[in-house]
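Commentary on secondary and tertiary structure
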Amino acid sequence: MPELPEVETVRRELEPLVVGETITRADVHWNRSCAGLNSDGLSAQLSGVRLRALHRRAKYLLFRGERAGLPQEFSVHLRMTGRLTVREAAAPYDPYLRVRLVFDSGLALHFDDVRKFGRLLVGTPAEVTLPALGPEPFDASWSGCVWRDRVRSRLRPIKALLLDQRLLAGVGNIYADEALFRAGLSPRRRGVDLTLRECEALVAAVREVLSAALAEDGASFDRFYRTPTGQPGRFQDHFQVYSRTGKPCYRCSTPIVRVLVAQRSTHYCPKCQRN
Ligand SMILES: [Zn+2]
């Protein structure tokens with residue numbers, strides 16, 4: 001599933017391609033991808049909208065535009081296998097095309113999604129979803145102190161706390177495992193047991209691994225995630241623990257272990273992450 005580095009890479013590549021475009025119509029091929037709207041329904045909401053900006057919050061892409069001077073927005077959540085590309089409107093469809101927005105320039109934004117869990121929703125998820133999300137990892141307001149305050153009363157393992165989008169936005173299974181390795185923390189440690197120094201190390205590790213992944217356009221360890229220009233990410237070549245079960249730790253040569261923590265597949269080095 002795309003996490004912060006993948007969604008942010010999509011945003012960065014897509015923004016210059018879509019900002020300034022005006023939507024002329026929507027083609028809906030699978031209406032559950034857009035809250036049951038058919039082509040006419042989605043076209044009524046979005047045709048005539050000129051796109052002005054593309055933002056990201058957590059794993060949501062927020063398209064901001066206006067029509068007749070009034071703001072009109074929509075959001076996309078890629079979930080597991082969603083993919084956004086910009087193509088010539090006359091180009092052939094991908095068999096997994098779910099929704100397409102045609103622009104007046106002759107280009108079109110394609111939302112392909114093999115597993116169909118992704119969503120394109122008119123409006124923002126603001127009213128209910130966005131305010132409940134935790135801080136962005138790169139926000140200056142997020143720190144070791146803040147993180148410790150958030151987790152110090154919690155008995156759940158730190159792996160589960162990192163994945164909880166209400167506590168921290170944008171981190172998923174891959175980057176939680178990679179950050180815990182870099183911080184030298186066992187994924188099973190409980191929030192209540194973490195020291196301030198460990199929280200500071202974890203905050204630094206989360207930022208370090210996300211920055212490194214952004215520099216590589218995210219990770220494509222399966223065939224699904226591609227950037228809007230069709231390129232795979234490259235961070236999978238830099239995984240220290242994720243998907244390396246049984247392979248030697250790059251630091252200490254101990255085989256990497258895969259276990260379930262909070263019902264999530266979790267990879268770690270039992271020696272480097274003993275604490
Ligand atoms: Zn190790």
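All figures in this text were calculated on a predicted structure; none of them were measured in a lab.

Thoughts on the overall build of the protein chain
Helices and strands together make up the secondary structure of the protein chain, namely six helices and 10 strands. For 275 residues, the compact-globule estimate of 2.2 N^0.38 gives 19 Å, and the C-alpha radius of gyration of the protein chain, at 20 Å, lies within 12% of that figure. Expressed as lengths along the three principal axes of its C-alpha atoms, the size of the protein chain is roughly 55 × 35 × 30 Å. Across the 275 residues in the protein chain, those meeting the buried criterion constitute 41%. A separation threshold of at least 6 residues defines the contact pool for the protein chain, and within that pool the share at least 24 residues apart is 62%.

So, the nonpolar core
Core analysis: the biggest nonpolar cluster contains 68 residues, and Leu162, Val171, Tyr175, Ala179, Leu180 and Leu202 have the highest contact counts within it. Residue contributions to this core reach at least three from each of two domains, namely domain 1 (4-132) and domain 2 (144-268). Sequence-distant contacts of Leu202, that is, excluding residues within four places in its chain, are made with Trp147, Ala179, Ala183 and Leu185.

Quick word on the packing of helix α1 (residues 4-18) against helix α6 (residues 196-215)
It is at 9 Å that the axes of α1 and α6 come closest, and there the two elements cross at 40°. Here α6 runs oblique to α1, going by the angle between their axes. Considering how the two elements wind past one another, α1 and α6 form a crossing that is right-handed. Contacts from Leu4, Pro5, Glu8 and Thr9 of α1 reach α6 at Leu210, Ala213 and Leu214. Residues of the contact of α1 with α6, tallied by class, amount to five nonpolar, one polar and one charged.

Here we look at the sheet that holds strand β3 (residues 60-67)
Across the sheet, four strands lie side by side as β2-β3-β4-β8; this open sheet has antiparallel pairing. Of all the strands in the sheet, the pair left with one neighbour each is β2 (50-57) and β8 (119-122). For this sheet, the mean angle separating the axes of adjacent strands, direction not counted, is 20°. Bridge analysis of strand β4 (residues 70-77) against β8 gives four bridges, and the strand direction is antiparallel. When the bridges of β8 are listed, Val76 appears paired with Leu120.

Quick notes on the sheet that holds strand β5 (residues 82-88)
Strands sit in the order β1-β6-β7-β5 across an open sheet of four strands; the sheet is antiparallel. Looking at which strands have only one partner, the edges of the open sheet turn out to be β1 (23-28) and β5. Across this sheet, the average inter-strand angle for adjacent strands is 15°, counted without regard to direction. By the bridge criterion, seven bridges tie β5 to strand β7 (residues 107-113) in an arrangement that is antiparallel. Pairing of Leu84 across the sheet is with Phe111, part of β7. Contacting β1 and β6 (97-103), helix α2 (residues 39-46) crosses the sheet at an angle of about 155° to β1.

Some remarks on the environment of Ile256
Examined against the element boundaries, Ile256 turns out to sit in the loop between α6 and β9 (257-261). A residue is classified by how many C-beta atoms lie within 10 Å of it, and Ile256, with 24 of them, is buried. Once residues lying within four places of it in the same chain are set aside, the contact partners of Ile256 are Val241, Arg244, Thr245, Gly246, Lys247, Cys249, His267, Tyr268 and Cys269.

Some details on the pairing of β7
Burial within β7 is extensive, with six of its seven residues counted as buried. Across five bridges, the pairing between β6 and β7 is antiparallel. Among the inter-strand pairings, Val102 is bridged to a residue of β7, identified as Ala108. Hairpin geometry of β6 and β7 is characterised by an intervening segment of three residues between the two adjacent antiparallel strands and by a positive phi of about 95° at Gly106.

A word on the domain arrangement of the protein chain
By domain assignment, the protein chain separates into domain 1 (4-132) and domain 2 (144-268). Computed over C-alpha atoms only, the centres of domain 1 and domain 2 are separated by 29 Å. If you look at the interface, domain 1 gives 19 residues, while domain 2 gives 20 residues. Taken together, the elements giving at least two residues each to the side of domain 1 that touches domain 2 come down to α1 and β5.

A look at the packing of helix α5 (residues 173-183) against α6
Running from N to C, α5 and α6 cross one another at 125°; their axes reach a closest spacing of 8 Å. For the element pair α5 / α6, the angle class is oblique. Remark: the crossing between α5 and α6 carries right-handed chirality. Together, Tyr175, Glu178, Ala179, Arg182 and Ala183 of α5 and Ala201, Leu202, Ala205, Val206, Glu208, Val209, Leu210 and Ala213 of α6 make up the contact between the two elements.

What counts, and where the lines are drawn
- Residues numbered from 1 in each chain as written.
- Predicted model: local features only at pLDDT ≥ 70, side-chain atom pairs only at ≥ 80, totals over all residues.
- Helix = DSSP H or I, 4+ residues; strand = E, 2+ residues; numbered from the N terminus.
- Rg over C-alpha atoms; globule rule 2.2 N^0.38 Å.
- Buried ≥ 20, exposed ≤ 12 C-beta atoms within 10 Å, placed from the backbone.
- Contact = placed C-beta atoms within 7 Å.
- Core = buried A, V, L, I, M, F, W, Y, C linked by C-beta atoms within 7 Å.
- Domains from an automatic or database assignment.
- Axes fitted to C-alpha atoms, helices over the stretch in contact; angles between N-to-C directions.
- Parallel < 35°, antiparallel > 145°, perpendicular 65-115°, else oblique.
- Left-handed = near helix turned anticlockwise from the far one by under 90°.
- Nonpolar A, V, L, I, M, F, W, Y, C, P; charged D, E, K, R; others polar.
- Pairing = 2+ DSSP bridges.

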